[in-house]
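Next come the chains, spelled out residue by residue.
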Amino acid sequence: MTRAQMNLPALAVALLVVTTVTTVSLGMADRAYLSAERDADQRRVAVALSERLVAPDAPTTARANVLDDGAMDGLNATRLRSLFPVVGDRDVAVRLDDRTVAAVGDVTGGTTIRRVVLVERRQPVTLTPSVSPVEPTVTLPRRAPGVTVDLSPPDGTTVTTVRANDRVVLHNESGLTGAFDVELSRFETTTLAFETDGPLPSGSVELTYRPAETRKAVLAVTVDA
C-alpha cells in the first residue's frame, strides 16, 4: 500500500506531462493548419488578381498580357478595389518591375505572384504631308489603331473622299473640312488616299496617330493577410 501511494505523485506528474505535450502539440498543429490555410488563400487571391490584371477585357490592358501604361499609371488603391473585387479587404500591392503601381493596406509579407508582361505606351505623332491629285496617298510609318485626319484645304480645292487601304472612311460630295477620328486596323500598315481636285500643300492635311511602344516588364502581385 505504501509503495502504491508513493507511485501516485509520479503518475500525476506523468499525466500532467502527457496532457501538456498533447495541448502544445494540438496548438502547434492548429497554428500550422491556420497558417497553411492563410497562405493558400493569399496565393489564390494573388493568382486570381494577376490573371485579371492581364485579361484581354481588363481595364488595365491593351490586349491579352499587354498592359496599358496609361491605365496602370492611373491605378490606385480606390480603383484597385473597385475594378477588382477579388481584392476584398486584404492588403495588396501591385508592382511593375521596381515601381509600386498601387497598394491597399500595409503589405509587409504575404504571397507574391510574378508574371512577365508587355507594357504598351502610345505617344501622339503628327504628320503634315503635301498631297496632290498626282500623288494622293500617304502611308503611316507605323501601325496604329486610329488616326485623326484634320483637313483645311485651300480655297479652290475640295477633298471629297478619304480611303484607308482602299476602304472609304470619310466621304462628303460637298467637301471635307475639319478634324475626323478614323479607326484603323492595328495589324497592318495603313495607306491613306485622298480624292481631291487640287493640291493640298503642307498644313492642309494634318495626320495624328499613336503608334505603340512596348517593353517587357515583371508584374508582381502581393497579397498579405
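In case you missed it, the structure is sitting above this.
Position numbers for residues count from 1 along each chain, tracking the sequence in the order it is written. pLDDT decides what is reported in this predicted model: residues at 70 or higher carry local features, side-chain atom pairs at 80 or more are listed and counted, and totals for whole chains, interfaces and linings draw on all residues regardless. To obtain the side-chain values, all non-hydrogen atoms of the structure were included, while hydrogens and water were left out.

Observations regarding the environment of serine 50
Each helix corresponds to a stretch of at least 4 residues labelled H or I by DSSP, and each strand to a stretch of at least 2 residues labelled E; elements are numbered beginning at the N terminus. You can see serine 50 is positioned in helix α1 (residues 2-53). Serine 50 sits 171 residues away from valine 221 along the chain, and the two C-alpha atoms are 6.2 Å apart. For serine 50, the contacting residues outside a window of four places in its chain are Ile113, Arg115, Leu219 and Val221. Polar side-chain contacts of serine 50 include one of 2.8 Å to the backbone oxygen of valine 47. Here a residue-residue contact requires only that any non-hydrogen atoms of the pair lie within 4.5 Å. What qualifies as a polar contact is a pair of N or O atoms within 3.5 Å, subject to a donor-acceptor requirement within protein and to the restriction that residues adjacent in sequence count only when both atoms come from side chains.

Topic: the pairing of strand β3 (residues 91-96)
Most of β3 sits out of view: five of its six residues are buried. Strands pair, by our definition, only if DSSP identifies at least two bridges between them. Pairing between β3 and strand β14 (residues 212-224): six bridges, direction antiparallel. Each residue of the ladder has a partner; that of aspartate 91, found in β14, is aspartate 224. Across five bridges, the pairing between β3 and strand β4 (residues 99-104) is antiparallel. What sits directly across from valine 94, in β4, is alanine 102. From the end of β3 to the start of β4, which pair antiparallel, there are two residues, and aspartate 97 there has a positive phi angle of about 55 degrees. When accessible area is computed with a 1.4 Å probe and restricted to protein chains, residues below 20% of their type maximum are described as buried, those above 50% as exposed, and intermediate ones as partly exposed.

Overview of the sheet that holds strand β8 (residues 146-151)
The antiparallel open sheet is built from four strands, whose spatial order is β6-β13-β8-β11. One side of each edge strand has no neighbouring strand; the edge strands of this open sheet are β6 (125-127) and β11 (178-183). Geometrically, the sheet is characterised by an average inter-axis angle of 20 degrees between neighbouring strands, direction not taken into account. The pairing of β8 with β11 spans six bridges and is classified as antiparallel. Across the sheet, residue valine 147 finds its bridge partner in β11, namely valine 182. Lines fitted to C-alpha atoms define the axes, with helix axes restricted to the stretch in contact, and inter-axis angles between N-to-C directions lie between 0 and 180 degrees.

Re the sheet that holds strand β9 (residues 159-164)
Pairing within the open sheet is antiparallel, and its four strands lie in the order β7-β12-β9-β10. Lying at the two open borders of the sheet, with one neighbouring strand each, are β7 (137-139) and β10 (167-171). The mean inter-strand angle of the sheet, taken between neighbouring strand axes irrespective of direction, is 20 degrees. As paired elements, β9 and β10 share four bridges and run antiparallel to each other. Within β10, the residue paired with threonine 161 across the bridge is histidine 171.

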